[in-house]
Amino acid sequence: MLFRSGCSLRLSEANSCIYKNRMSMKRFFGFAVAAATMVSVNAASISNGDFETDARLDGVFTGTITGWTGSNFGIFNPTDGLFNPGQVGGNNYGFINTAAGTFSQNLTGENSTLTANIQYTVTARVGQRTNGDGTDFEVALVANGNTLASRTQADITLSAGNFTALSFSFTPDGGNANLGQQLSIVLNNDGATQIGFDDVTISAVAVPEPTTYALISGLGLVGMAAYRRSEEHTSELQSQNR
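Position numbers for residues start from 1 in each chain and track the written sequence from start to end. Per-residue local features of the predicted model are confined to residues with pLDDT of at least 70, and side-chain atom pairs are confined, for both listing and counting, to 80 or more; whole-chain, interface and lining totals are unaffected and use all residues. Side-chain measures here rest on the full set of heavy atoms in the structure, leaving out hydrogens and waters.

## Some details on the sheet that holds strand 3 (residues 69-71)
Argument step 1. In space, the five strands of this open sheet follow the order 3-6-11-8-9, with antiparallel pairing throughout. In this open sheet, the two strands that pair with only one neighbour each are strand 3 and strand 9 (146-152). Ignoring strand direction, the axes of neighbouring strands in this sheet form an average angle of 15°. Strand pairing follows a simple DSSP-based rule, namely that at least 2 bridges must link the two strands. The numbering of helices and of strands both runs from the N terminus, where a helix is a DSSP run of H or I of at least 4 residues and a strand a run of E of at least 2. In this description, a line fitted to the C-alpha atoms serves as the axis of each element, helices being fitted only across the stretch in contact, and the angle between N-to-C directions of two axes falls anywhere from 0 to 180 degrees.

## Considering the side chain of Ser-112
Argument step 1. In this fold, Ser-112 is placed in the loop between strand 6 (102-106) and strand 7 (118-128).
Argument step 2. In this scheme, a residue with accessible area under 20% of its type's maximum is buried, one over 50% is exposed, and one in between is partly exposed, where area comes from a 1.4 Å probe on protein chains only. A relative accessible area of 12% places Ser-112 in the buried class.
Argument step 3. With residues up to four places along the chain from it excluded, the contact list for Ser-112 reads Leu-107, Gln-181, Gln-182 and Leu-183. Contacts are residue-level and defined by heavy atoms, with any inter-residue pair within 4.5 Å sufficient.

## Focus: the layout of surface pockets
Argument step 1. Space inside the largest pocket adds up to approximately 220 Å³.
Argument step 2. Lining the largest pocket are 14 residues, with Pro-78, Asp-80, Asn-84, Gly-86 and Val-88 sitting closest to its centre.
Argument step 3. When residue character is reported, Ala, Val, Leu, Ile, Met, Phe, Trp, Tyr, Cys and Pro are called nonpolar, Asp, Glu, Lys and Arg charged, and the others, Gly included, polar. For the lining of the largest pocket, a count of residues per class yields four nonpolar, eight polar and two charged. Cavities and pockets were defined on a 1 Å grid built over protein atoms only: a cavity is a set of grid points that admits a 1.4 Å probe from which the probe cannot escape, a pocket is an open set flanked by protein on both sides within 12 Å along at least five of seven lines, and lining residues are those with an atom within 4 Å of any such point. Grid points are joined across faces, edges and corners, and a volume is the space filled by probe spheres set on the points.

## Remarks on the side chain of Arg-129
Argument step 1. Residue placement: Arg-129 occurs in the loop between strand 7 and strand 8 (137-143).
Argument step 2. The charge count treats Lys and Arg as positive and Asp and Glu as negative. His and the chain ends do not count. Definition used for salt bridges: Asp or Glu carboxyl oxygen within 4 Å of a side-chain nitrogen of Lys or Arg. Here Arg-129 is buried and forms no salt bridge, its nearest opposite-charge partner Asp-133 lying at an N-O distance of 5.2 Å.
Argument step 3. Pairs of N or O atoms within 3.5 Å make up the polar contacts considered here, provided that, within protein, one atom can donate a hydrogen while the other can accept it, and that residues adjacent in sequence are counted only when both atoms are side-chain atoms. A polar atom in the side chain of Arg-129 sits 3.1 Å from the side chain of Gln-194.
Argument step 4. What Arg-129 contacts, discounting residues up to four positions off in sequence, is Phe-76, Leu-82, Phe-83, Tyr-93, Ala-160, Gly-161 and Gln-194.

## Notes on the pairing of strand 5 (residues 93-96)
Argument step 1. Alternating residues of strand 5 divide into Tyr-93 and Phe-95 and Gly-94 and Ile-96, and every residue in both groups is buried.
Argument step 2. By the bridge criterion, four bridges tie strand 4 (residues 73-76) to strand 5 in an arrangement that is antiparallel. Counted as the bridge partner of Gly-74 is Phe-95 from strand 5.
Argument step 3. For strand 5 and strand 12 (residues 195-206), the ladder comprises three bridges, and the chain directions are antiparallel. In the strand pairing of strand 12, Ile-96 is matched with Ile-195.

## Regarding the pattern of salt bridges
Argument step 1. For the structure on display, the rule yields two salt bridges.
Argument step 2. Across the salt bridge formed by Arg-125 and Asp-199, the nearest N and O atoms sit 3.0 Å from each other. Here Arg-125 is found in strand 7, whereas its partner Asp-199 is found in strand 12, with 74 residues between them in sequence.
Argument step 3. A cluster of three or more residues bridged by salt bridges with shared partners is formed by Arg-125, Asp-198 and Asp-199.

## Description of the nonpolar core
Argument step 1. Grouping buried Ala, Val, Leu, Ile, Met, Phe, Trp, Tyr and Cys residues that are joined through side-chain atoms within 4.5 Å yields what is termed a nonpolar core. Membership of the largest hydrophobic core comes to 36 residues, with the highest contact counts inside it found for Trp-68, Leu-141, Ile-185 and Phe-197.
Argument step 2. Elements supplying a minimum of two residues to this core: strand 4, strand 7, strand 8, strand 9, strand 10 (162-170), strand 11 (183-189) and strand 12.
Argument step 3. With six residues, the single largest contributor to this core is strand 12.
Argument step 4. Here Phe-197 is in contact with Phe-51, Tyr-93, Gly-94, Ile-96, Phe-103, Arg-125, Val-126, Phe-137, Val-139, Phe-163, Leu-187 and Asn-188, once residues within four sequence places are set aside.
Argument step 5. Core analysis: the next-biggest nonpolar cluster, separate from the first, contains seven residues, Leu-82, Phe-83, Val-88 and Tyr-93 among them.

Okay, structure coming up:
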């Protein structure tokens with residue numbers, strides 16, 4: 001039983017009953033709120049998303065990036081003037097020189113294969129040099145070669161000398177044809193000049209199924225009805241002990 005009933009009408013016992021009823025209701029609604037907002041954060045990660053694993057001196061670049069594979073790509077520790085001050089997250093950024101270039105990484109950890117009712121959220125920053133080089137790009141979440149969601153230059157406005165943040169999410173249901181397939185982050189250059197990337201991340205968060213929301217809603221209605229009955233009983237106790 002959630003709520004105490006049949007309380008004595010003596011003042012001390014009535015006050016105790018009122019207190020217990022209200023504390024029970026607080027616990028019940030606390031449980032309902034916790035259940036409504038409860039999601040579990042599950043590990044799905046990429047390594048070296050900030051491109052700082054490989055130390056490079058100022059003005060030095062390399063055609064490889066630890067943890068990433070691809071072609072016509074690399075990391076660069078830029079000299080002053082290529083970007084506005086403070087725009088590169090650390091010392092290095094990842095770059096792709098031309099439209100023939102791309103680089104990618106398979107996710108690791110729990111939910112690194114596409115899992116139903118998991119919200120995958122990708123974030124990144126895309127950089128355009130002060131001279132305006134770098135205009136066309138794609139950041140994509142891919143499963144078994146199939147693009148699940150992506151962002152391109154059509155979705156954000158790049159600014160010369162700056163890195164611009166982007167974010168997108170994808171939540172597959174139980175009928176998605178790519179369930180169980182390996183997930184990857186893919187970065188593409190769709191233009192003729194160098195494009196930069198920095199601070200690439202991914203998170204995976206469980207999303208309750210619709211039936212779970214329905215259950216929580218039902219509990220809320222039951223709790224509200226019980227609360228009304230409890231308050232009516234409390235009012236009666238208070239009236240009889242005045």
